[in-house]
Structures are given as structure tokens and as C-alpha cells.
Amino acid sequence: MLVKGKITQWDDDKGFGFIQPLLKGERVFVHIKALQNRSRRPVIGEVVTYAIAKDEQGRLQAQQVTFDGEKRKIKAAKSATKWPLWFVLVFAAVLSAAVAMAKLPLYVPLLYVGLSVFTFMAYWLDKRKAQTGRWRTPESTLQFMALLGGWPGALLAQSYLRHKSQKRAFLMVFYFGTLLNLIALVWLHSQHLLPVGIGG
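Predicted, not measured: the structure shown is a model, and the values here were computed from it.

Trainee: I'd like to hear about the nonpolar core, residue by residue, with values.
Mentor: Grouped together as the largest cluster of nonpolar side chains are 22 residues, with contacts concentrated most on Tyr 112, Tyr 123, Phe 174 and Leu 185. Among the elements of the structure, helix H1 (83-100), helix H2 (107-132), helix H3 (139-160) and helix H4 (168-190) are those that each provide at least two residues to this core. The dominant element in this core, judged by the number of residues it contributes, is H3, at seven residues. Once residues within four sequence positions are removed from consideration, Tyr 112 is found in contact with Phe 91, Leu 95, Gly 149, Trp 151, Pro 152, Asn 181 and Leu 185. Ile 7, Ile 19, Val 28 and Leu 35 belong to the second largest nonpolar core, which has 14 residues in total.

The following block contains the structure:
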């Protein structure tokens, strides 16, 4: 939904300000990156049209901001990248092959499936909370779930739910945790600490 409002505050040095809706509602944050026309700068009192969204902390912010009289640029929706799905499928195929060759107990892939479903749902719920401004799931909880073995579900959630997929610091910790999980799996298998006789 598009809303019309006026620029009530703008700091050109920092590249952000605030917009007050013309009809009613609370003011929203606007960053220079949200402007569709960045060749000019907002002026206090200027009328703009914008879409309302929420940031990672659930705060209102303006997106796709156009100045009064300008044509809106329609951006094509980004399709989900395919590599997370292929990576998860390859990992699942490797685990299945290991179970079939009696190299890995059945409970290992079952644990990954269970934790992945649980983690995917946690991402989905956290995104819903962000959209409605409710209390969020701590990032440390999401990271811990991925570290335990839910990273395939987290990877798919980041790709298809578009949640936690842009925050570089979060992703760096996530990828490191995923690597640690895979290293731990290989080490446990090499030390024969995953007895095939249990569950497979």
C-alpha cells in the first residue's frame, strides 16, 4: 500500500530523515537508499509517496520513496537463489548414501530433518513477529538451533522467506556455525562415535 506524506526532518550529512503521513499515523524513518531518485535530496515540507515496511527491529520505515509528480519505478521481485536448495539436497543425498552403505546411523539424518523443520518454523515465526511489531526471537537462539543441526532449514528460510538474508554479521556467524557442525559430524564419524547399530 502506498502512502503520501511530508518530509518533516532530513539530515543530508547522515542521509536519513522522517516522513509524516498526510492523513494520520506515526512518522516513519526514511533512508537515502529508499529514494527511487537519488539525484536530488528531500526538502523539509516536500510531499512524497512511499510504501511502509519494518526493519529487523520491527520499526517503521519508508521504502520506494518518490517525490511528488515523479513516476514510480516498478522493481521486479527477486526470485530466490537456487544454491541453498541444491546445497541442502546434496547434503541430504550424502547422508542418505551413507545410511544406505551402513556408514551412518539412520537417526543422524532424522535429527537433521527434525531440527531443520523446527528451525525453518522459528525463522517463519520470527519474520511474522517482525511484521507485526511483536517481541522477536533472539538471534543467538536462531544461531544455536542452526549450530545443533538445523542449518539446512535456516538456509532455506533465509532464501525463500527472505529473512535474515541481508545482515552480513548474522550471516558470517551462521556460516561459521554451519561449518563447525559439519566438521563435528565428520569428526564424530571418523572417531566411530556414531554407532551404526543404533537406529540404523
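Having seen it, we continue.
Trainee: Mind laying out H4, listing which residues take part and the relevant values?
Mentor: Between its terminal C-alpha atoms H4 stretches 33 Å, which fits the 33 Å expected from 23 residues at 1.5 Å a residue. Listed as buried for H4 are Phe 170, Leu 171, Phe 174, Gly 177, Thr 178, Asn 181 and Leu 185. Positive backbone phi, at 60 degrees, marks His 192, one or two positions downstream of H4.

Trainee: With reference to specific residues and values, describe the pairing of strand S1 (residues 2-11).
Mentor: On a regular strand, one side chain projects to one face of the sheet and the next to the other, so that they alternate. Alignment of S1 against strand S4 (residues 47-54), held across five bridges, turns out to be antiparallel. When the bridges of S4 are listed, Leu 2 appears paired with Ala 51. Alignment of S1 against strand S2 (residues 16-21), held across six bridges, turns out to be antiparallel. When the bridges of S2 are listed, Trp 10 appears paired with Gly 17. Hairpin connection between S1 and S2: a loop of four residues separates the two successive antiparallel strands, and Gly 15 in this loop has a positive phi of roughly 75 degrees.

Trainee: Residue-level account of the pattern of salt bridges, with values.
Mentor: Using the criterion set out here, one finds six salt bridges in the structure. Asp 12 serves as the salt-bridge partner of Arg 41, at 3.2 Å between the closest nitrogen and oxygen. With a gap of 29 residues between them, Arg 41 in the loop between strand S3 (28-31) and S4 and Asp 12 in the loop between S1 and S2 connect regions that are remote in the sequence. Overall, Arg 41 belongs to the partly exposed group, its relative accessible area being 35%. We classify Asp 12 as partly exposed; its relative accessible area is 43%. Across the salt bridge formed by Lys 167 and Glu 139, the nearest N and O atoms sit 2.8 Å from each other. With Lys 167 in the loop between H3 and H4 and Glu 139 in helix H3, the pair connects residues that are 28 residues apart, well separated along the chain. Owing to a relative accessible area of 27%, Glu 139 belongs among the partly exposed residues under this scheme. Three or more residues joined by partner-sharing salt bridges are found here, namely Glu 139, Lys 164 and Lys 167.

Cut-off values and rules
Residues numbered from 1 in each chain as written. Predicted model: local features only at pLDDT ≥ 70, side-chain atom pairs only at ≥ 80, totals over all residues. Heavy atoms only, no water. Core = buried A, V, L, I, M, F, W, Y, C linked by side-chain atoms within 4.5 Å. Buried < 20%, exposed > 50% of the residue type's maximum accessible area, 1.4 Å probe, protein only. Helix = DSSP H or I, 4+ residues; strand = E, 2+ residues; numbered from the N terminus. Contact = heavy atoms within 4.5 Å. Expected span 1.5 Å × (residues − 1). Pairing = 2+ DSSP bridges. Salt bridge = Lys/Arg side-chain N within 4 Å of Asp/Glu carboxyl O.

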